[in-house]
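Structural overview for review
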Amino acid sequence: MKSPSLSFIVLVLIVLNFCLIHNTSATTENEIIIPQYWINTKIIRTIDISTVVVRENIAIMAKNVHNEPLREYYFPINEKFDVHLSYITVKEKKTLKIYNVEKADFDSFKRIQFYKITFDQDIDPQGKIIFTVSTAFIHMLTPYPAEIPQSGRQNLLFRENLYGNSVYITEQQKTTINYTQKPGVSRDGKKIIYVFDKKKPDDYEELLVHYEFQQALLTIKGARRDFEISHWGNNLAVEEHYNLTHDGAKLKGQFSRLEYQQTVYTHHETTMARDFLLVLPGHASDVYYRDEIGNVSTSRLRKERERTILEFKPRYPLLGGWNYTWYYGYNVPLGEFLKYNHQTGRYIFKVPSFINPFHNAVFDKVQVRIILPEETHTVHKTFFDSKGRYLIVLDKYNVIQEHSSPFLVSYEYDTIELLRKPLVASTFFFCGFLLSMVYSRMEFRIGK
Amino acid sequence: MKVLGLETQNISALLKVVILGLIAAVALASRLFSIIRFESVIHEFDPWFNYRTTRFLVANGFYEFWNWFDERSWYPLGRVVGGTVYPGLMVTSATIYNILHALNFTVDIRNICVLLAPLFSGFTSVAAYLLTSEIKDSSAGLLAAAFIGVAPGYISRSVAGSYDNEGIAIFLLMFTFYLWIKALKEGSAYWGALTALFYFYMVAAWGGYVFIINLIPLHAFTLILMGRFSTRLYVAYSSFYILGTLMSMQIPFVGFQPTRTSEHMAALGIFGLIQIIAFVEFARSYISSNQAQILFKSFVVISFVGMLSGLVLLTLGGYIAPWTGRFYSLWDTGYAKKFIPIIASVSEHQPTAWPSFFFDLEMLIFLFPAGIYLCFKELHDGHVFLILYGITASYFAGVMVRLMLALTPVVCVTSAIAISRLFDIYLKLDPEDSDNNSVKSNKSVIDKPSRKGDSSRSTSSPSTNKSSEKKKKSEHFRILGFDTRILVISNFFIFLTIFIWHCTWVTSNAYSSPSIVLASRQADGSQYIIDDFREAYYWLRKNTDYSSKVMSWWDYGYQIAGMADRTVLVDNNTWNNTHIATVGKAMSSPEDVAYKIMRRHDVDYVLVIFGGLLGYSGDDINKFLWMIRIAEGVYPNEVKEVNFFTPRGEYRVDDEATPTMRNSLMYKMSYHNYNELFGGQGQDRVRGARLPIGKIKLDTVEEAYTTENWIVRIYKVKKLDNIGRSLEQAGEFESGKKRRKRVKRTN
């Protein structure tokens, strides 16, 4: 038997260029002065607040006003927003080439987090570069009023700096805000447009948008997805746990079933979350949907060619401020997700998606756990294991739909390991019979 | 003689193991209806408490469990769980859980709890086999195992999910009895000690252990009266009693009861008596004069009378606790109704209706007397035991529905003896050849334990004597006519088939509903699950503060604690009648009185069950009379049952309902907003009544949540008014009514 290799290389292909947020809390207050080497000759900013996630797209035309060639450009994000930053991506405007962006220093005096953008080539003095910074934030929209009656309309409030964020002087800028996706909204369409000239970095004026938003603001406070690989059963067992909160306007007073029943068929546009839909792989079998106190009977499974759809209702309709937790799981044939690479002798497991997109919900935290087949590790044990398994845990915060991309895990696995379970089981029974044979031939009586 | 290269005795041993294994498997499988129909979930009320404590035990370990003070029940009193619980069930599941996890079987504790009762039913079959084999023979044993495996009287309390003490206790009961018979037969302290050990397990598991500690002394006493005192009886009983009592006192909930309460005094008395008799027997072996004989006999009688009167005096003096109310209610069925309404209010404490004997035992109830008759015909020690067990258990089963459970095992055993006797006679294929082939002679081989050392012993043991005796008898009753045999055998074959069919039908229809989930059929025939209870409990669990106090009738206490994880005022433990009566008073009083009670008890939410919309008859309005009665028992001046009845003595909720009824908190909470649902006048489908027209106004509580089918309604108790008005005044102000100015009146 070959000695099983102890080292596993986890290869995670991250399709999107996102960075994990770590709160580096500064111990002393330090104000950071970014040298004014650049001037933004033009900024075109588009803010989309028509969904729960606030997506900002900033096209920047920057000019090098320094006397040396430059590569680095700093971008500030207020700490308050930075903790809710879901992703930040920087691309060249035309070629869509992705520039590296990384977390830089934290200005603990102004409470600003800087991001350092590194271009792939030096920009000469007086040279210009056009690039876009795309960011997405969660929890940026607050319901106002904070409490509404059961069939009331929900309004949201969006606050931002009207002049955008930049550490450099901006000569010209234009800001567009999309606040609804609904067609046919009157009063200058569905946009608000601002145009300004010459703004200094610290200029601030509050941008305040108060608009109707008749959808549930769903937040998954925590999600855990377990993928358990079994070569022996040729099976991938998936189990996902969710902890959901309705972050919309809270229910004013108490819930009235009468009012609910009277309005449920007439009042379609509601912030109440009544039924959900989850997409599972096509060959998903043994699907279950439970919560802490048992099976939830209000679910329906629909099989389609390429996918299986789990429609379910929570035990109660979710109103603003209410919570619900549940978990579901299923089995799928492993073959669809596992490939064997003959050259490297390694298995490659493809996790179809980092998250399973759930309506328009945002995820505060997602944990993905991949439980590799039984090997020499004692990290995790499950049914009928004699040795233990390797467990890969990936944690990520502020996750949104853009993060639902597949990734790969590769590992080594000896075929002989497949025989472990039957061997252990037969040894166990053999010992049992042996003991009973010995026992039946023993004499325990005192005297005759 | 050899078959397939094996000795026939080996084959029959193998067959027996296989058959017994299959019977145990059937016993387990027939209890799984509820899992297949519904899900793997804990049923009903008490199991939720057991489940909750088991989870605590698994999570925190045994010592934490032992010292657990549960501040989340009986608010504000709390409950010392470790000291008021029979821990056997929880410890059993936790042990299984730990063993499985040590072997890397990561089974969820819920599944262990759900499947524990079916698993132990399998064991019960084996125990019934052992007991019956000990008394008759192994073929009767197999029949008894099969009967107890499927008898609805036992299944009713041991389906998957019914995680209650009885689930393991019946196995322990049967096994203790088996060990007792064995100890008595062998006269060995080893078996006596084993009996004591399982008696201890039984004490740890179920309050019904009192049955054992009275039945075994009764058996011993009867044997003494029959003049069958022997050293075997002395050794078996003494070792059992001493060890058993000492061990049972290790359970905190039992403590010193074995020496202090009347329920245990019979066992103590018999222990004393048996010592005296043993001493006398011993002395008599040295002295043989007739005078001495008379002297000894009178000594025995005098000391027995002396002990008895001593016992009475101690009881009167208060050193020994008299019989508790629950036991009185066994002698006088009307007792509970008069003095302890809380016991009488439980449906399973009602006297048994006669059809339920047939429902739960089918043809066994007819074979039971036949079995008892056969026991009388032989009347060995074991048969005396069965007769005593049968007589006492059938009395108790008649008094209380719940005790049908204690009767079922003995009915199965005696019926098995009767049927097996019948088969002994009618199935003997070759009456001429009675040495090898017959069931009988196989039996004598079977009865011998396979270990070598036993063979010499069992030749002298009574079982072999008995069997040879029986063999003679059966030859005497030999039936020669083939047609007669066919007739009888096929007849009984049909009976047995119908029995199995009946048992399966009863199990699937009557005993496999989890009762926290209700099932109904939709118009297209598909199953529709009514899951209102869990909807409400989960809502409480997720959307209320963790420290909220929920007031409900005690029936739902365990479920709220288990599923909603919130503090409750009263629960199914019912140890404090006053506290329950206080809740009853709050429910049956007008709002202002109830509000004071609720404020005093920090109540945040009130939960009521209302079946009016769906026709669910087990709702709170139907239980309301018991709340009133229990409240009246403690607060006779404030709650009066009479006021809830119409002048004609009817209990009504419609136009004719009395003002007391219509003003009670329970009535208002049940029907709040109900008229509006119907757009004018609500229709109560349980009581078939049309409600009085008009809006029901609630000032002190507000509707917090009502489930889909209106079965569970949760109300939030309002806080005191900010500017010091009474909540009624505040409510009137809110609804736009102006307060009449006092100034006007003075003008």
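Residues numbered from 1 in each chain as written. Chains lettered and ligands numbered in written order. Predicted model: local features only at pLDDT ≥ 70, side-chain atom pairs only at ≥ 80, totals over all residues.

**Structural notes on the overall build of chain A**
Keep this limit in mind: Per the convention used, a helix needs a DSSP run of H or I reaching at least four residues, while a strand needs a run of E reaching at least two, with both numbered from the N terminus. Throughout, a pair of residues is in contact if the C-beta atoms placed from their backbones lie within 7 Å.
Each helix and strand in chain A was counted, giving three helices and 27 strands. Partitioning the contacts of chain A with sequence separation of at least 6, the portion at a separation of at least 24 is 75%.

**Comments concerning the overall build of chain B**
Quick note on the threshold: Three exposure classes are used. Buried residues have 20 or more other C-beta atoms within 10 Å of their own C-beta, exposed residues have 12 or fewer, and partly exposed residues fall in between, all C-beta atoms being placed from the backbone.
When helices and strands are counted, chain B shows 36 helices and 13 strands. Considering chain B as a whole, with its 747 residues, one finds that 44% of them fall into the buried category.

**A short note on unusual backbone geometry**
Along the chain, Tyr144 of chain A connects to Pro145 of chain A via a cis peptide bond; the corresponding omega equals 5°. The omega torsion of the bond from Tyr75 of chain B to Pro76 of chain B falls at 0°, within 30 degrees of zero and hence cis. Examined against the element boundaries, Pro76 of chain B turns out to sit in the loop between β3 (69-70) and β4 (79-80). Of note, Asn104 of chain B is a non-glycine position whose phi angle comes to about 65°, a positive value. On the secondary structure map, Asn104 of chain B appears in the loop between α5 (88-102) and α6 (109-135). Even without glycine at this site, Asp602 of chain B takes up a positive phi of about 55°.

**A word on the nonpolar core**
Side chains of nonpolar character tend, in soluble globular proteins, to be buried together. Where we set the bar: Buried Ala, Val, Leu, Ile, Met, Phe, Trp, Tyr and Cys residues form a nonpolar core when they are connected through C-beta atoms within 7 Å.
In terms of nonpolar packing, the biggest core is built from 285 residues, with Ala144 and Met202 of chain B touching the most fellow members. Dropping the residues within four chain positions of it, Met202 of chain B is found in contact with Ala169, Leu172, Leu173, Thr176, Tyr209 and Ile212 of chain B.

**A few points about the interface of chain B and chain A**
Our working definition: Here the term charged refers only to Asp, Glu, Lys and Arg, the term nonpolar to Ala, Val, Leu, Ile, Met, Phe, Trp, Tyr, Cys and Pro, and the term polar to all other amino acids, Gly among them.
Contacts between chain B and chain A engage 26 residues on the former and 26 residues on the latter. When contributions to the side of chain B that touches chain A are tallied by element, the ones reaching two or more residues are α27 (532-543), α34 (674-677) and β12 (701-706) of chain B. Here the element with the most residues in the side of chain B that touches chain A is α27 of chain B; it accounts for seven residues. Looking at the side of chain B that touches chain A residue by residue, the classes come out as 11 nonpolar, six polar and nine charged.

**With respect to the environment of Met598 of chain B**
All names here are of chain B. Mapping Met598 onto the fold places it in helix α30 (residues 591-600). Take Met598: there are 25 C-beta atoms within 10 Å of it, and that puts it in the buried class. Separated by 11 residues in sequence, Met598 and Met587 place their C-alpha atoms 9.9 Å apart. Ignoring anything within four residues of it in the chain, the contact list for Met598 reads Met551, Ala586, Val603 and Val717.

**Looking at the UniProt feature "transmembrane region" (unreviewed entry) in chain A**
Spelled out, the test is: UniProt positions are given in the numbering used here, feature names are shortened, and annotations may be inferred rather than shown by experiment.
Under the feature "transmembrane region" (unreviewed entry), the UniProt entry names residues 423-440 of chain A. With 100% helix and 0% strand, the stretch residues 423-440 of chain A has end C-alpha atoms that lie 26 Å from each other.

**Description of the packing of α6 of chain B against helix α9 (residues 165-186) of chain B**
All names here are of chain B. Worth spelling out the cut-off: Here an angle of 0 to 180 degrees is reported between the N-to-C directions of two axes, which are lines fitted to C-alpha atoms, with helices fitted over the stretch in contact. Each angle gets one of four labels, with under 35 degrees taken as roughly parallel, over 145 as roughly antiparallel, 65 to 115 as roughly perpendicular, and the rest as oblique. Definitions for this section: a left-handed crossing has its near helix turned counterclockwise from the far helix by less than a right angle. A right-handed crossing has that turn clockwise.
Relative orientation of the contacting elements α6 and α9 amounts to 20°, with a least axis distance of 8 Å. Between α6 and α9, the angle falls in the class roughly parallel. Viewed along their axes, α6 and α9 form a crossing whose handedness is left-handed. Each of Leu116, Ala117, Phe120, Phe123, Thr124, Ala127, Ala128, Leu130, Leu131, Glu134 and Ile135 in α6 lies in contact with α9, whose residues at this interface are Gly167, Ile168, Ile170, Phe171, Met174, Phe175, Phe177, Tyr178, Ile181, Lys182 and Lys185. Residues of the contact of α6 with α9, tallied by class, amount to 17 nonpolar, two polar and three charged.

**With respect to the sheet that holds strand β4 (residues 85-92) of chain A**
Residue and element names in this part refer to chain A. Our working rule: Note on pairing: two strands pair once DSSP finds at least 2 bridges between them.
If you walk across this open sheet you meet the nine strands as β3-β6-β5-β4-β7-β2-β1-β11-β12, and the pairing is mixed. Strand pairing shows two members of the sheet lacking a second neighbour, β3 (70-78) and β12 (191-199), which therefore form its edges. Between one strand axis and the next, the sheet turns through 20° on average, direction left out of account. As judged from the eight bridges shared by strand β11 (residues 169-178) and β12, these two strands associate in the antiparallel manner. Its bridge partner lying in β12, Thr176 is registered against Ile193.

**Focus on the sheet that holds strand β13 (residues 206-212) of chain A**
Note on sheets: strands pair through backbone hydrogen bonds, and any given pair is parallel or antiparallel. All names here are of chain A. Reading across the sheet, the three strands line up as β8-β10-β13 and stay open at both edges, with antiparallel pairing between neighbours. Unpaired on one side and paired on the other, β8 (141-143) and β13 mark the two borders of the sheet. Mean inter-strand twist for the sheet, computed between neighbouring axes without regard to direction, equals 25°. Across three bridges, β8 lies against strand β10 (residues 155-161) in antiparallel orientation. Among the inter-strand pairings, Leu141 is bridged to a residue of β10, identified as Phe158.

**With respect to the packing of helix α20 (residues 364-378) of chain B against helix α21 (residues 381-399) of chain B**
Residue and element names in this part refer to chain B. Where α20 contacts α21, the two axes come as close as 8 Å, and the packing angle between them is 145°. With respect to the hand of their crossing, α20 and α21 are arranged in left-handed fashion. Residues Phe368, Ile372, Cys375, Phe376 and Glu378 of α20 lie in contact with α21, whose contacting residues are His383, Leu386, Ile387 and Gly390. The residue makeup of the contact of α20 with α21, split by class, is six nonpolar, two polar and one charged.

**Quick notes on the UniProt feature "domain: STT3/PglB/AglB core" (unreviewed entry) in chain B**
Here, the residues flagged by UniProt with the feature "domain: STT3/PglB/AglB core" (unreviewed entry) are residues 549-605 of chain B. The span residues 549-605 of chain B shows a helical share of 53% and a strand share of 11%, and its end C-alpha atoms are spaced 6 Å apart.

**Let's talk about helix α19 (residues 354-361) of chain B**
Residue and element names in this part refer to chain B. Stated precisely, the cut-off is as follows: Arc definition: it is the arc formed by the directions from the helix axis to the C-beta atoms.
Residues Phe357, Asp360 and Leu361 constitute the buried set of α19. Looking straight down α19, one finds its buried side chains confined to an arc of 80°; they lie on one side. Looking at the buried residues of α19, the elements they touch are α8 (152-155), α20 and α22 (404-426). Of the residues flanking the end of α19, it is Glu362, one or two places downstream, whose phi is positive at about 45°.

**Digging into the pairing of strand β5 (residues 518-521) of chain B**
Residue and element names in this part refer to chain B. With four bridges connecting them, β5 and strand β6 (residues 527-530) associate as antiparallel partners. Bridge pairing in β6 places Leu518 opposite Ile530. Hairpin remark: β5 followed by β6, antiparallel, with five residues in the connecting loop; positive phi at Gly525, about 90°.

**Considerations on the environment of Asp360 of chain B**
All names here are of chain B. Of note, Asp360 is situated in helix α19. Accessibility expressed as a C-beta count within 10 Å gives 27 for Asp360, which makes it buried. C-alpha separation for the pair Asp360 and Asp532, spaced 172 residues apart in sequence, amounts to 30 Å. The residues contacting Asp360, other than those within four sequence positions of it, are Pro152, Gly153, Ser156, Met404 and Thr408.

**Describing α30 of chain B**
Residue and element names in this part refer to chain B. Residues Glu591, Ala594, Tyr595 and Met598 constitute the buried set of α30. Summarising the axial view, the buried residues of α30 lie within an arc of 105°, below the 170-degree limit, and thus occupy one face. In this fold, the buried residues of α30 make contact with β7 (549-551), α29 (577-588), α33 (665-671), β13 (712-717) and α35 (727-734).

**What about the confidence of the model for chain A?**
Where we set the bar: Known as pLDDT, the predictor's per-residue confidence is scaled from 0 to 100.
Of the residues in chain A, 87% have a pLDDT of 70 or more, and the chain-wide mean is 82. Note on residues 1-26 of chain A: pLDDT under 50 across the span, and 37 contacts to partners over four residues away in sequence or across chains.

**So, the pairing of strand β5 (residues 98-107) of chain A**
All names here are of chain A. The pairing of β4 with β5 spans two bridges and is classified as antiparallel. Its bridge partner lying in β5, Lys91 is registered against Ile98. Adjacent in sequence and paired antiparallel, β4 and β5 are bridged by five residues, among which Leu96 carries a positive phi angle near 60°. When β5 meets strand β6 (residues 112-123), the two strands line up antiparallel, connected through six bridges. If you follow Asp107 over to β6, its bridge partner there is Ile112.

**Structural notes on the confidence of the model for chain B**
Residue and element names in this part refer to chain B. Of the residues in chain B, 89% reach a pLDDT of 70 or more, and the chain-wide mean stands at 84. Throughout residues 431-474 the model reports pLDDT below 50, and contacts reaching past four residues in sequence, or to other chains, amount to 54 contacts. Between residues 741-747, whose pLDDT stays under 50, and residues either more than four places distant or in other chains, the model counts zero contacts. Here the complex is predicted with pTM 0.86, and the ipTM for its interfaces comes to 0.86.

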